[in-house]
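# Breakdown of the fold
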Amino acid sequence: KKLLKLWYAGIYSKAKRIAEKTPHEGKKIELGSGASFIKSFIPDILTTDVISYPSIDQVVDATQMPFESSSISFIFMMNVLHHISEPEKFFAEADRCLVKGGRILIVDQYPGIIAYWIYKYFHHEPFNESAKKWSFPSSGPLSGANGALAYLVFFRDSKKFRTNYPNLEIEFITRHSPFTYWLAGGLKKWSIVPEFFSDSLYALDQLLAKLWPNLSSFLDVEIKKI
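Residues numbered from 1 in each chain as written. Predicted model: local features only at pLDDT ≥ 70, side-chain atom pairs only at ≥ 80, totals over all residues. Heavy atoms only, no water.

Nonpolar side chains collect at one region of the surface, where Leu-204, Leu-207, Leu-211 and Trp-212 lie side by side and expose about 420 Å² of accessible area between them. Note on placement: Trp-212 falls in the loop between helix 7 (198-211) and strand 7 (218-225). (Patch = residues over 30% accessible without salt bridge, like charges linked within 9 Å, V, L, I, M, F, W, Y side chains within 5 Å. Areas by Shrake-Rupley, 256 points an atom, 1.4 Å probe, with all protein chains shown as cover. Salt bridge = Lys/Arg side-chain N within 4 Å of Asp/Glu carboxyl O. Helix = DSSP H or I, 4+ residues; strand = E, 2+ residues; numbered from the N terminus.)

Take a look at the structure:
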């Protein structure tokens, strides 16, 4: 679907720009790649997942990464954080594995004015914005989730994140995509938007997010190892 491909390509383009700011030494990896086409943008990135899909390079558990300390320059994860049942372990692993100056780009769900109701009542994954802890019981790599996790970590509990992970500096948090993903039908086969209208709608969606960030349905978090 053209609109969905535009959305993914826009995010992969951001990942490429951030990856280019990282030190030359160290691996670039994507966690939870699935059917990712990020190699079209970052050819040397290592695609990984907890499931052995034919399209990935390596099976990797984000909480127990099989990489040496200070061996990774860039970590990219798209709609993956909210599936990690023990996020504290992931952040500790990221801190261990990243080289100084290495970066993480996390793209995940944001409960904006409209998206909150979709995530809370209409989305197939659990969404608990009142959870006292970041961790949650794991029911499997695809079904276990808390869609509110990125909001909890980087908004509600941002002080806790900064205290617990002083080497992981949050550089930017950008909210985006109020309507594009939903109108494109997400990963479903259908789409509300005719192909010829995709470019205009995508551009309008980006403008709306800049004018009214609380309309957004997703966020980007750029983190630097200091």
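Moving on from the coordinates now.
Before going further, it helps to examine the sheet that holds strand 6 (residues 168-176). Within the open sheet, the 7 strands sit side by side as 3-2-1-4-5-7-6. Their pairing is mixed. Two strands bound the open sheet, and with one partner strand each, they are strand 3 (58-59) and strand 6. Relative to strand 3, strand 2 (residues 46-49) runs parallel, the two sharing 2 bridges. Looking at strand 3, one finds that Asp-49 is bridged to Val-59. (Pairing = 2+ DSSP bridges.)

The next point concerns the packing of helix 1 (residues 2-19) against helix 7. Direction vectors running N to C along helix 1 and helix 7 enclose 45°, while the axes themselves pass 9 Å from each other. Classified by the interaxial angle, the pair formed by helix 1 and helix 7 is oblique. Helix 1 and helix 7 meet at a crossing whose hand is right-handed. Only Ser-198, Asp-199, Leu-201 and Tyr-202 of helix 7 make contact with helix 1, whose side of the interface consists of Lys-2, Leu-3, Leu-6, Trp-7 and Gly-10. Here the residues of the contact of helix 1 with helix 7 sort into 5 nonpolar, 2 polar and 2 charged. (Axes fitted to C-alpha atoms, helices over the stretch in contact; angles between N-to-C directions. Parallel < 35°, antiparallel > 145°, perpendicular 65-115°, else oblique. Left-handed = near helix turned anticlockwise from the far one by under 90°. Contact = heavy atoms within 4.5 Å. Nonpolar A, V, L, I, M, F, W, Y, C, P; charged D, E, K, R; others polar.)

The next thing to look at is the nonpolar core. What tends to happen in soluble globular proteins is that the nonpolar side chains get buried as a cluster. If you look at the biggest cluster of nonpolar residues, it comprises 65 residues, and the most contacted ones within it are Ile-75, Phe-76, Met-77, Phe-91, Phe-154 and Phe-161. For this core, the element with the highest residue contribution is helix 1, accounting for 9 residues. Excluding residues within four positions of it along the chain, Phe-161 makes contact with Phe-91, Trp-134, Val-153, Phe-154, Leu-168, Ile-170 and Ile-223. (Core = buried A, V, L, I, M, F, W, Y, C linked by side-chain atoms within 4.5 Å. Buried < 20%, exposed > 50% of the residue type's maximum accessible area, 1.4 Å probe, protein only.)

Turning our attention to the environment of Lys-189. For Lys-189, the location among the structural elements is in the loop between helix 6 (180-183) and helix 7. Residues Lys-189 and Lys-1, 188 residues apart in the sequence, show an inter-C-alpha distance of 8.3 Å.

Honestly, that's just the spatial picture; any functional story needs more than this.
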